[in-house]
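# Coordinate analysis (summary)
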Amino acid sequence: MAGVNKEKRPEERTKQFKKVNDNKNKVVVDENSAIIKIFRGFQGELDAKHDKHERLVKISRDVTIDSKRTIFLLHRHRDGSDREGNDEILNDAKDKIKEIQNIRFLAMAEELEGEDPYQFMRAISPGMQEYIEAISFYYYLKHGQLISLKEIQKDLVFSKTGEDGQNKTLTLNVPPIEYLLGLADLTGELMRLAINSVGAGNLETPYKICEFLQIVYDAFNSYGNTLKDLNRKMGTLRQSLRKVENACYTLHVRGSEIPKHMLADVFMASGDDKYAEDVE
């Protein structure tokens, strides 16, 4: 009927209320205010730190991928057979490691220049640990020894020409805990090397690796309860050592009874069972 006011629908009233409310809550920011300028500066610093963190995560991811490929290459190495082939594998692995150092880690060192590296440790830690695992595996195959932190660190010192034409030195610091975590991962690769060596007919390598892993395990045990990450990896280290010990025991006691091509499968199965019993 004419002259009768119709009530507004609920959704229309809601839209009108929001519009009025938004107009009331709208705040005009004075960009010339000294306080606003300070907080804009904080915003810029936080954004720059976040962007740097993302770039370091990407570099670390590339280091991880390249290091894994190096480890896969090194697993083709076989002691006591095809010396020329083994030398070629080690040379290829050395080239890949140099590429990681001169491309990936140089870019990482440039990003961290003038920064506190521990602020970005969570970003670079995965790649650094994988790299330490790869280079320590290479060093063991080439020299039969454990690489030291000093030897790892000296390869991560770079010379660069600055904008002013002067040469400057960039150093990518390797914290001792990252070195230990990388070595803890090495034990898993040595366990695979020992089992694969038996499958290839090399019955001496498992005993050498077993002795080496026992020394490493005793050294890690001397630290006691330190960090959660290190304690977690101690379980993996213990499992790898147990598998190699069981393999050596089976090889010594029943080696003449089992065909060589079946030894690797027998060792892997017995190692898993023994470790499960110990955990229980």
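Another point: the overall build of the chain. Along the backbone of the chain there are 9 helices and 2 strands. For the chain, the N- to C-terminal ordering of α and β elements is α-α-α-α-α-β-β-α-α-α-α. Taking all 280 residues of the chain together, 39% fall into the buried category. Across the chain, contacts joining residues at least 24 apart in sequence account for 71% of those joining residues at least 6 apart. Roughly 17700 Å² of accessible area belongs to the chain as shown, and the carbon and sulfur atoms make up 50% of that amount.

This paragraph deals with the packing of helix H2 (residues 34-74) against helix H4 (residues 121-143). The interhelical angle for the contact between H2 and H4, taken along N-to-C directions, is 25°, at an axis separation of 7 Å. With respect to each other, H2 and H4 are oriented roughly parallel. Like other packed secondary-structure pairs, H2 and H4 cross with a definite hand, here left-handed. Seen from H2, the contacting residues are His53, Leu56, Val57, Ser60, Val63, Thr64, Ser67, Lys68, Thr70, Ile71 and Leu74; seen from H4, they are Ala123, Ile124, Pro126, Gly127, Glu130, Tyr131, Glu133, Ala134, Phe137, Tyr138 and Leu141. For the contact of H2 with H4, the per-class residue count stands at 13 nonpolar, 6 polar and 3 charged.

So, on to the pairing of strand E1 (residues 157-161). The pairing of E1 with strand E2 (residues 167-171) spans 5 bridges and is antiparallel. Along E2, the bridge assignment pairs phenylalanine 158 with leucine 170. Connecting the antiparallel pair E1 and E2 is a turn made up of 5 residues, with glycine 165 showing a positive phi of about 85°.

Okay, the nonpolar core next. Counting 61 residues, the largest nonpolar core has Phe105, Met108, Tyr131, Leu190 and Phe220 as its most contacted members. Of all the secondary structure elements, the ones that give two or more residues to this core are H2, helix H3 (83-111), H4, helix H6 (176-199), helix H7 (205-221) and helix H8 (228-254). Per-element accounting of this core gives the leading share, 13 residues, to H4. Discounting residues that sit within four places of it in the chain, tyrosine 131 has contacts with Val63, Ser67, Ile97, Ile100, Gln101, Phe105, Ile152 and Leu156.

Below, the discussion takes up the pattern of salt bridges. Counting across every chain of the model gives 13 salt bridges. Ionic pairing is found between lysine 68 and glutamate 130, a salt bridge with its closest N-O pair at 3.6 Å. Taken as a pair, lysine 68 in helix H2 and glutamate 130 in helix H4 lie far apart in primary sequence, 62 residues in all. With a relative accessible area of 36%, lysine 68 lands in the partly exposed category. With its nearest N and O atoms 3.4 Å apart, the salt bridge here joins lysine 160 to glutamate 110. Of this pair, lysine 160 sits in strand E1 while glutamate 110 sits in helix H3, and the two are 50 residues apart along the sequence. Judged by its relative accessible area of 28%, lysine 160 is partly exposed. By relative accessible area, glutamate 110 is classed as partly exposed at 32%. Each of Lys58, Asp62, Asp66, Arg69 and Arg104 takes part in a single network of salt bridges with overlapping partners.

Roughly 320 Å³ of internal volume is contained in the largest pocket. Forming the boundary of the largest pocket are 13 residues, of which Arg122, Ser125, Gln129, Glu178 and Asp229 lie nearest the centre. Elements represented by at least two residues in the lining of the largest pocket include exactly H4, H6 and H8. Its residues assigned to classes, the lining of the largest pocket shows 7 nonpolar, 2 polar and 4 charged.

Below, the discussion takes up the packing of aromatic side chains. This model, assessed by the stated rule, comprises 3 aromatic pairs. With a centroid separation of 5.6 Å and an interplanar angle of 75°, the aromatic rings of phenylalanine 39 and phenylalanine 42 are classed as edge-to-face. Remark: phenylalanine 42 and phenylalanine 39 occur in helix H2; sequence separation between them is 3 residues, near one turn of the helix. A relative accessible area of 53% places phenylalanine 39 in the exposed class. Accessibility expressed as a relative area gives 42% for phenylalanine 42, which makes it partly exposed. Summarising the aromatic geometry, the rings of phenylalanine 105 and tyrosine 131 are spaced 4.7 Å apart at their centres and angled 75° between planes, so their arrangement reads as edge-to-face. Taken together, the residues phenylalanine 105 in helix H3 and tyrosine 131 in helix H4 connect sequence positions 26 residues apart.

About the criteria used
Residues numbered from 1 in each chain as written. Predicted model: local features only at pLDDT ≥ 70, side-chain atom pairs only at ≥ 80, totals over all residues. Heavy atoms only, no water. Helix = DSSP H or I, 4+ residues; strand = E, 2+ residues; numbered from the N terminus. Buried < 20%, exposed > 50% of the residue type's maximum accessible area, 1.4 Å probe, protein only. Contact = heavy atoms within 4.5 Å. Areas by Shrake-Rupley, 256 points an atom, 1.4 Å probe, with all protein chains shown as cover. Axes fitted to C-alpha atoms, helices over the stretch in contact; angles between N-to-C directions. Parallel < 35°, antiparallel > 145°, perpendicular 65-115°, else oblique. Left-handed = near helix turned anticlockwise from the far one by under 90°. Nonpolar A, V, L, I, M, F, W, Y, C, P; charged D, E, K, R; others polar. Pairing = 2+ DSSP bridges. Core = buried A, V, L, I, M, F, W, Y, C linked by side-chain atoms within 4.5 Å. Salt bridge = Lys/Arg side-chain N within 4 Å of Asp/Glu carboxyl O. 1 Å grid on protein atoms, 1.4 Å probe; cavity = no way out; pocket = protein on both sides within 12 Å on 5 of 7 lines; lining within 4 Å. Points joined across faces, edges and corners; volume = space filled by probe spheres on them. Phe/Tyr/Trp six-rings, centres within 6.5 Å; stacked < 30°, edge-to-face > 60°.

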